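Letter by letter, the chains look like this.
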Amino acid sequence: MSEIVYLNGEFMPLENARVSVLDRGFIFGDGVYEVIPVYSRHPFRLTEHLARLRRSLEAIRLEAPLADAEWIRLVHQIIERNAPEDQAVYLQVTRGVARRDHAFPKGVAPTVFMMSGPLSTPSRELVEKGASAVTATDFRWLRCDVKVTSLLANCLMRQRSVDSGADEVVMFRDGYLTEASSSNVFAVKEGVLLAPPKNHLVLPGITYDVVLELAAASKVPVEVREIGEDEVRGADELWLTSSSKEVLAVTTLDGRPVGDGKPGPVFKVIHGAFQEFKRRIMRQAA
Ligand code: PLP
């Protein structure tokens, strides 16, 4: 079964999907996107992903091209038309096709694109061993809370980790932890889960919220506050969270062990709770 995508009202094989070179997504990176994880053909936290999409569209002053009910229908259709049981649905809206001009074009239809590939979550080996990360100064713009397609700074960051043979980049701005190139970051010190606040410097992760809910349910004490670079370097545990990484321990930072260099006890509680939470939701949906 070939990969089926959705473009401006039609489903088609990926090879047939074409967009004009004048699309503002191509010319300016003028668009927003979402990635929705799908387990056993059930989209995870779809309402929350669509709410974030609405906020992203509002932030870039682009009128929502579809109502939530229509997005929900399309997401289910693209899942049905693609083979994997576990998928990552990617959806993108750009400001459409127009002659190149920074100012917004008038009367132009947005480009709506969706694709879905296999969801690749961390292997058991990676979960048990933990990931590696390097650190960097966060030089992205001041609206990191908006999920925009202009991800050049994130790509440059991610490539730094590739160049150093690491899995991710943990970023600091003005001496405080922000996030990673495509994940949120949590720290643990003396049993307390530390989470950077959701502000303009970080993406409000859907998984971040799930982790805070699971921490509350598991009676793990939480502090949502700014976390200094020293605290990160001296943390007992560090985690990455995202729709594809779920919850993943970072066990080396800049080549040095985090805590004792193994995924820690609080990670094990929340990782276990996350897997159980997924199973429960899937059972309810079945
Ligand atoms: N932060 C950044 C920069 C991201 O790109 C992502 C996801 O891609 C996240 C955090 C995690 O967000 P979510 O949990 O909604 O996948």
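From a predicted model like this one, the values you see are computed outputs, not experimental measurements.

*Asks:* Can you explain the overall build of the protein chain? Please cite residues and give values.
*Replies:* A tally of helices and strands in the protein chain yields eight helices and 15 strands. Computed over the C-alpha atoms, the radius of gyration of the protein chain is 19 Å, within 12% of the 19 Å expected from 2.2 N^0.38 for a compact globule of 286 residues. Overall, the protein chain is about 55 × 45 × 30 Å in size when its C-alpha atoms are taken along their principal axes. The contacts of the protein chain with a sequence gap of at least 6 include a subset with a gap of at least 24, amounting to 70%. Split by element, the accessible area of the protein chain, about 13900 Å² in all, is 54% carbon and sulfur. Side-chain charges in the protein chain split into 35 positive and 38 negative, and the spacing between the mean points of these groups amounts to 2 Å.

*Asks:* A description of the environment of tyrosine 39 should follow, citing residues and the corresponding values.
*Replies:* If you trace the backbone, tyrosine 39 turns up in strand S3 (residues 31-39). Under the relative-accessibility criterion, tyrosine 39 is labelled buried at 5%. Along the primary structure tyrosine 39 and proline 84 are separated by 45 residues, whereas in three dimensions their C-alpha atoms are 9.5 Å apart. When sequence neighbours within four positions are dropped, the list of residues in contact with tyrosine 39 reads Phe44, Glu85, Asp86, Leu119, Ser243, Glu246, Phe274, Lys278 and Met282. Of the polar contacts made by the side chain of tyrosine 39, one reaches the side chain of glutamate 246; its length is 2.6 Å.

*Asks:* For the packing of aromatic side chains, give the residues involved together with the corresponding values.
*Replies:* Under the defined criterion, the tally for this structure stands at eight aromatic pairs. Both rings, one in tyrosine 33 and one in tyrosine 90, keep their centres 5.6 Å apart while their planes meet at 25°; by these two values the pair is stacked. Placement of the pair is tyrosine 33 in strand S3 and tyrosine 90 in strand S5 (residues 87-94), with a sequence separation of 57 residues. A relative accessible area of 11% places tyrosine 33 in the buried class. You can call tyrosine 90 buried: its relative accessible area is 19%. Consider the rings of phenylalanine 186 and tyrosine 208, whose centres lie 5.2 Å apart with planes at 35°: the pair is tilted. You can see phenylalanine 186 sitting in strand S10 (residues 184-189) and its partner tyrosine 208 sitting in helix H6 (residues 206-217), a full 22 residues away along the chain.

*Asks:* Requested: an account of helix H2 (residues 46-59), with residues and values cited.
*Replies:* What sets the pattern is the α-helix's 3.6 residues per turn: residues three or four places apart point alike. The terminal C-alpha atoms of H2 lie 20 Å apart, and with 14 residues this matches the ideal 20 Å at 1.5 Å per residue to within 8%. Leu46, His49, Leu50, Arg52, Leu53, Ser56 and Leu57 are the residues of H2 that are buried. Axial view of H2: buried residues confined to an arc of 160°, hence all on one face. Set apart from the buried face of H2 by more than 90 degrees, the exposed residues are Thr47 and Glu58. Arginine 61 sits one or two positions beyond H2 and adopts a positive phi of about 60°.

*Asks:* Kindly report on the pairing of strand S2 (residues 10-13), identifying the contributing residues and their values.
*Replies:* Two elements, strand S1 (residues 4-7) and S2, share four bridges in a ladder whose sense is antiparallel. When the bridges of S2 are listed, isoleucine 4 appears paired with proline 13. The antiparallel pairing of S1 with S2 creates a hairpin that spans two residues between the two strands, and asparagine 8 there sits at a positive phi of about 45°.

*Asks:* Give me the pattern of salt bridges: which residues, what numbers.
*Replies:* In the structure shown here, the tally under the stated rule is 21 salt bridges. Notably, a salt bridge pairs arginine 140 with glutamate 179, separated by 2.9 Å at the nearest N-O pair. Residue arginine 140 is found in the loop between strand S7 (131-137) and helix H5 (152-163), and its partner glutamate 179 is found in strand S9 (residues 176-180); the two are separated by 39 residues along the sequence. For the residue pair arginine 140 and glutamate 179, the accessibility class agrees, reading buried in each case. Between arginine 279 and glutamate 276 there is a salt bridge whose closest N-O contact spans 3.3 Å. Residue arginine 279 and its partner glutamate 276 are located together in helix H8 (residues 265-285), separated by three residues, close to a single helical turn. By relative accessible area, arginine 279 is classed as partly exposed at 45%. Classification of glutamate 276 by relative accessible area gives partly exposed; the value is 30%. Taken together, the shared-partner salt bridges in this structure form one network comprising Asp138, Arg140, Arg173 and Glu179.

*Asks:* Before we move on, could you go through the site of the ligand and cite the residues and values that matter?
*Replies:* In the vicinity of the ligand there are 16 residues, among which Arg52, Glu179, Ile206, Thr207 and Ser243 approach most closely. Measuring from an oxygen atom of the ligand, one finds a side-chain N or O atom of lysine 147 at 3.3 Å. The contact in question runs from an oxygen atom of the ligand to an N or O atom on the side chain of threonine 207, over 2.5 Å. Burial of the ligand by the surrounding chains reaches 91%, relative to a free accessible area of 390 Å². Of all elements in the fold, only S9, H6 and strand S13 (237-242) reach the threshold of two or more residues within the shell around the ligand.

Basis of the calculations
Residues numbered from 1 in each chain as written. Predicted model: local features only at pLDDT ≥ 70, side-chain atom pairs only at ≥ 80, totals over all residues. Heavy atoms only, no water. Helix = DSSP H or I, 4+ residues; strand = E, 2+ residues; numbered from the N terminus. Rg over C-alpha atoms; globule rule 2.2 N^0.38 Å. Contact = heavy atoms within 4.5 Å. Areas by Shrake-Rupley, 256 points an atom, 1.4 Å probe, with all protein chains shown as cover. Lys, Arg positive; Asp, Glu negative; His and termini not counted. Charge placed at Lys NZ, Arg CZ, Asp CG, Glu CD. Buried < 20%, exposed > 50% of the residue type's maximum accessible area, 1.4 Å probe, protein only. Polar contact = N/O pair within 3.5 Å; in protein donor to acceptor, adjacent residues only side chain to side chain. Phe/Tyr/Trp six-rings, centres within 6.5 Å; stacked < 30°, edge-to-face > 60°. Expected span 1.5 Å × (residues − 1). Arc of directions from axis to C-beta. Pairing = 2+ DSSP bridges. Salt bridge = Lys/Arg side-chain N within 4 Å of Asp/Glu carboxyl O. Near = heavy atom within 4 Å.

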